[in-house]
Amino acid sequence: SIISCVLRPHEVPECIHKLAATVFVQEIRSPALAVTVPLLFRGLKERATDIRRKACTIVDNMCKMIDNSVEAVAFMPKIMPLVAKAAEEIPDPEARAVAAKALKTLQNLEADAMEAKQLNPDTVLALLRPMLGEGQPGPAQEEALLHVCKVASILIANIDFDPAAWDDIVSQTLAPFFGSVEEIGAKLREQCYKESKGKEVQEDEEEEGEDLC
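Residues numbered from 1 in each chain as written. Predicted model: local features only at pLDDT ≥ 70, side-chain atom pairs only at ≥ 80, totals over all residues. Heavy atoms only, no water.

J.: Help me out: how do you make sense of the pattern of salt bridges in this one?
T.: Any two side chains of opposite charge can pair if their charged atoms end up close together. This structure, assessed with the given rule, holds eight salt bridges. In this structure, the salt-bridge partner of Lys18 is Glu14, at a minimum N-O distance of 3.4 Å. Taken together, the residues Lys18 and Glu14, both in helix 2 (residues 12-20) and four residues apart, mark about one turn of the helix. Assessed through its relative accessible area of 47%, Lys18 is described here as partly exposed. Using a relative accessible area of 48% as the deciding quantity, one classes Glu14 as partly exposed. (Salt bridge = Lys/Arg side-chain N within 4 Å of Asp/Glu carboxyl O. Helix = DSSP H or I, 4+ residues; strand = E, 2+ residues; numbered from the N terminus. Buried < 20%, exposed > 50% of the residue type's maximum accessible area, 1.4 Å probe, protein only.)

Here it is as structure tokens:
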């Protein structure tokens with residue numbers, strides 16, 4: 001239905017109605033956004049207040065299901081101005097409030113994305129070295145470490161924190177030089193995740209550590 005209405009604009013209102021009734025229960029990532037954003041773009045440009053209102057509701061609900069805010073950055077310039085315009089121009093006060101709520105959610109997502117950090121290989125290497133203990137690595141060991149850090153940097157850029165991928169690259173590359181490295185892959189992945197997410201993860205950990213009396 002979504003692809004069809006992109007090709008047939010007259011189907012946009014009906015598709016918006018259907019999508020607004022959808023309950024999002026899974027994480028939303030770039031492929032899903034690539035399909036739905038063109039529909040939302042058209043829905044937000046409709047004249048009918050109820051369609052624009054529902055489009056804003058969909059935006060708000062979808063944003064709350066995006067775990068990795070960086071994935072939404074590419075789509076924000078297309079959607080955010082229309083949501084902001086709806087928050088200012090829709091005649092109905094209740095619909096304007098819905099648009100304003102969606103705009104706030106988008107702004108929060110954008111702020112999270114701005115805080116997310118991409119880690120270069122040198123930064124990853126600085127995190128990895130202390131995990132290997134004392135001692136000065138030789139040239140071959142340094143080459144292996146640099147390779148791991150380059151791959152890790154690519155994984156971070158792709159927002160890929162799959163444990164298997166991290167364990168494989170660390171164990172396959174470093175085990176011949178450093179022996180047992182079973183725990184290093186998990187530790188490096190966890191540390192890089194924290195560093196890449198920055199303030200967001202730190203605040204979550206502080207909240208979890210509070211003693212609620």
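Picking up after the structure, the text goes on.
J.: Would you take a moment to explain the side chain of Ser153 for this structure?
T.: Summarising the element assignment, Ser153 is placed in helix 8 (residues 139-157). What makes Ser153 buried here is its relative accessible area of 13%. When residues no more than four places from it in sequence are discounted, the contact partners of Ser153 are Leu119, Asn120 and Pro121. (Contact = heavy atoms within 4.5 Å.)

J.: Please clarify how helix 4 (residues 49-63) should be interpreted in this entry.
T.: Along an α-helix, residues three or four apart share an orientation, since each turn contains 3.6 residues. Under the 1.5 Å per step criterion, the end-to-end length of helix 4 is 21 Å for 15 residues, consistent within 8% with the ideal 21 Å. Those residues of helix 4 that fall on the buried side of the exposure criterion are Ile51, Arg52, Ala55, Cys56, Ile58, Val59, Asp60, Met62 and Cys63. (Expected span 1.5 Å × (residues − 1).)

J.: Can you help me understand helix 7 (residues 121-128) in this one?
T.: Along helix 7, the positions that sit buried rather than exposed are Val124, Leu125, Leu127 and Leu128. Viewed end-on, helix 7 has its buried residues packed into an arc of 160 degrees, placing them on one side of the element. Exposed side of helix 7, more than 90 degrees from the buried face: Asp122 and Ala126 are the residues found there. Looking at the buried side of helix 7, the elements it contacts are helix 8, helix 9 (163-178) and helix 10 (182-197). Its side-chain oxygen 3.1 Å from the backbone nitrogen of Asp122, Asn120 forms the N-cap of helix 7. (Arc of directions from axis to C-beta. Polar contact = N/O pair within 3.5 Å; in protein donor to acceptor, adjacent residues only side chain to side chain.)

J.: How should I be thinking about the packing of aromatic side chains in this particular structure?
T.: The relation between two aromatic rings is expressed through the spacing of the ring centres and the mutual angle of the planes. According to the stated counting rule, one finds two aromatic pairs in the structure shown. Look at Phe161 and Trp166: their rings are 5.8 Å apart centre to centre, the planes differ by 10 degrees, and that puts the pair in the stacked class. Under the relative-accessibility criterion, Trp166 is labelled buried at 0%. With relative accessibility at 16%, the residue Phe161 sits in the buried group. Grouping aromatic residues by their ring pairs yields a cluster made of Phe161, Trp166 and Tyr193. The ring of Phe41 has Lys78 sitting right over it, with the charged end atom 4.9 Å from the ring centre. (Phe/Tyr/Trp six-rings, centres within 6.5 Å; stacked < 30°, edge-to-face > 60°. Lys NZ or Arg CZ within 6 Å of the ring centre and 35° of its normal.)

J.: Explain the environment of Pro91 to me, please; I cannot follow it from the model alone.
T.: On the secondary structure map, Pro91 appears in the loop between helix 5 (76-89) and helix 6 (93-115). Pro91 sits in the exposed class, given a relative accessible area of 63%. Remark: the alpha-carbon pair of Pro91 and Thr49, spanning 42 residues in sequence, is separated by 7.9 Å. Sequence-distant contacts of Pro91, that is, excluding residues within four places in its chain, are made with Thr49 and Arg96.

As far as function goes, none of this settles anything; it's purely spatial.
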